[in-house]
Amino acid sequence: MGQLKVIDGGGEVAVTTRLSDLLQWARKWSLFQYPFVTACCGMEFMATAAPRYDIARFGAEAPRFSPRQSDVLWVVGTISQRQGPAVRRIWEQMADPKWVIAFGTCASCGGFYDNYTTIPGVDKVIPVDVYIPGCPPRPEAVLDALMLLQDKIQANDRKPIIVPPRLVPERAPGRTREGNS
Amino acid sequence: MSQAVVERLTAHFGERVLETSDAFGDHEVVVAIKDWAEVAQFMKDDSDLQMDHFIDLTAVDYPERESSRFDLLLMTRSSVTGARIRLRTYVKDGEEPGTLSGIWSGANWAEREVWDMFGIKFNGHPDMRRILLYDEFVGHPLRKDYPIDKAQPLVPYREVSDIDKLPPFGIEEGQPFARIDWEARLAGGDNQVSPAIGVQQGQRRTLSDSEAAQQIQARIKARMAQESAEGEASEHSAEEGSGQ
Ligand code: SF4
């Protein structure tokens, strides 16, 4: 949280902060999401939501299939020109404050669909807060995006941001029949 | 098996079968456009042929061809004999071949797709509308003269100054196949859409020729060299640690 002040009254403790900070803090840990899933990236979205990566740890486990009840619009997959009006309308129906995450290269910039069918990035139609590169992005990148979004919400910052790539980790030691090598 | 179909059709239609071929084991019969629906109907109904499985219907555009612009292709198979055959005809721009939707109902949507993509209308089709694109779309995108970079957005694009740059997924960001030339475009105004198509058409430079691309590749190489140097350094320290 932003400004925190702890007042120790001997036995009783009070914590003060600014109201706006408290509100943003509450918002960032209770993001209701609207998954607008159109293509292969959806698989990785499911992987992120499933127990192994467990998006619930970030207070974002509740998908809402009504835009009126949701805070974050996840645009997951390729958005064709024909879907443009639909995604725009869904975004318009969401109540403020609302955020948009472009999931994967297609949603971010059209990917390799560089032709008449595809919107070259959903940001051509609606404003995007966080872009996740990757085709599809790994769940780690998705969680990175969610944490970035939480930071943005806390800081009340609407500047678009791109999830930076992680360094490729060292190869894990291989297993042999005898045990770990 | 499929050869028998060719022979049966040649025997029955005689001169009206213009050509036959069996390149790569794909048997093909070419007929004139006026015989198109009749031959198809015969293939379906004839007790020897029984081509009851409609596989696909599509077209090919040859804009440079004087006589007739399109090839129209029908792929069918018989689930009784297992024979496969391809029926071909030549269609001029504006000509309307007869519909096959009354013969195989699967042809209904396939013909709508051919109309949508190539602009070939089918005579007698019950519902000649676009199937994949929207009604507002002008033109037929699989015609070779449709501009390769022409999009027809339904929602006007937002007016934001830096929107074209975001996000800069170049080669460096692990997206070698996504819009790789945005930097090349910024640097040289190269309007290349896709490198493969550019090379094929002989109009545009390949990405690896452009100065910007070479700069990117040099940067990547430098970064990789640096990382491997760092990696070796850490390996050495690890070995020392285990030795103690
Ligand atoms: S970015 Fe790749 S994985 Fe994701 S929707 Fe596009 S093509 Fe599919």
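Use the structure listed above.
Residues numbered from 1 in each chain as written. Chains lettered and ligands numbered in written order. Predicted model: local features only at pLDDT ≥ 70, side-chain atom pairs only at ≥ 80, totals over all residues. Heavy atoms only, no water.

Caption draft 1: Molecular detail of the packing of helix H2 (residues 41–49) of chain A against helix H5 (residues 139–155) of chain A. All names here are of chain A. Here H2 crosses H5 at 70°, and the two axes come no closer than 9 Å. As judged from the angle between their axes, H2 and H5 are roughly perpendicular. Every residue of H5 that contacts H2 at Glu44, Ala47 and Thr48 is listed here: Pro139, Val142 and Leu143. Here the contact of H2 with H5 is composed, by residue class, of 4 nonpolar, 1 polar and 1 charged. (Axes fitted to C-alpha atoms, helices over the stretch in contact; angles between N-to-C directions. Helix = DSSP H or I, 4+ residues; strand = E, 2+ residues; numbered from the N terminus. Parallel < 35°, antiparallel > 145°, perpendicular 65-115°, else oblique. Contact = heavy atoms within 4.5 Å. Nonpolar A, V, L, I, M, F, W, Y, C, P; charged D, E, K, R; others polar.)

Caption draft 2: Structural detail: the packing of aromatic side chains. Going through the model one piece at a time under the given rule, you end up with 10 aromatic pairs over all chains. Considering the side-chain rings of A:Tyr116 and B:Tyr146, the 6.0 Å spacing of their centres and the 70° angle between planes classify their relative orientation as edge-to-face. Residue A:Tyr116 is located in the loop between helix H4 (104–109) and strand S6 (130–132), and its partner B:Tyr146 is located in the loop between helix H3 (107–118) and helix H4 (182–188); the two belong to separate chains. By the burial criterion, A:Tyr116 is buried, and B:Tyr146 matches it. Relative to B:Phe137, the ring of B:Tyr134 lies with its centre 5.7 Å away and its plane at 80°, an arrangement referred to as edge-to-face. Of the residues examined, B:Tyr134 reaches a relative accessible area of 6% and is grouped as buried. Against the face of B:Trp115 rests B:Lys121, its NZ or CZ located 4.8 Å from the ring centre. (Phe/Tyr/Trp six-rings, centres within 6.5 Å; stacked < 30°, edge-to-face > 60°. Buried < 20%, exposed > 50% of the residue type's maximum accessible area, 1.4 Å probe, protein only. Lys NZ or Arg CZ within 6 Å of the ring centre and 35° of its normal.)

Caption draft 3: Quick peek at the pattern of salt bridges. All names here are of chain B. Tallied over the entire structure, the rule returns 22 salt bridges over all chains. With a closest N to O distance of 2.8 Å, Glu28 and Arg86 form a salt bridge. Taken together, the positions of Glu28 in strand S2 (residues 28–31) and Arg86 in strand S5 (residues 84–91) put the pair 58 residues apart, joining distant regions of the chain. The partner of Asp71 in a salt bridge is Arg88, with the nearest N and O atoms 2.4 Å apart. Of this pair, Asp71 sits in strand S4 (residues 70–77) while Arg88 sits in strand S5, placing them 17 residues apart in sequence. For Arg88, a relative accessible area of 15% translates into the label buried. In the salt-bridge network here, residues are joined through shared partners; they are Asp26, Glu28, Arg65, Asp71, Arg86 and Arg88. (Salt bridge = Lys/Arg side-chain N within 4 Å of Asp/Glu carboxyl O.)

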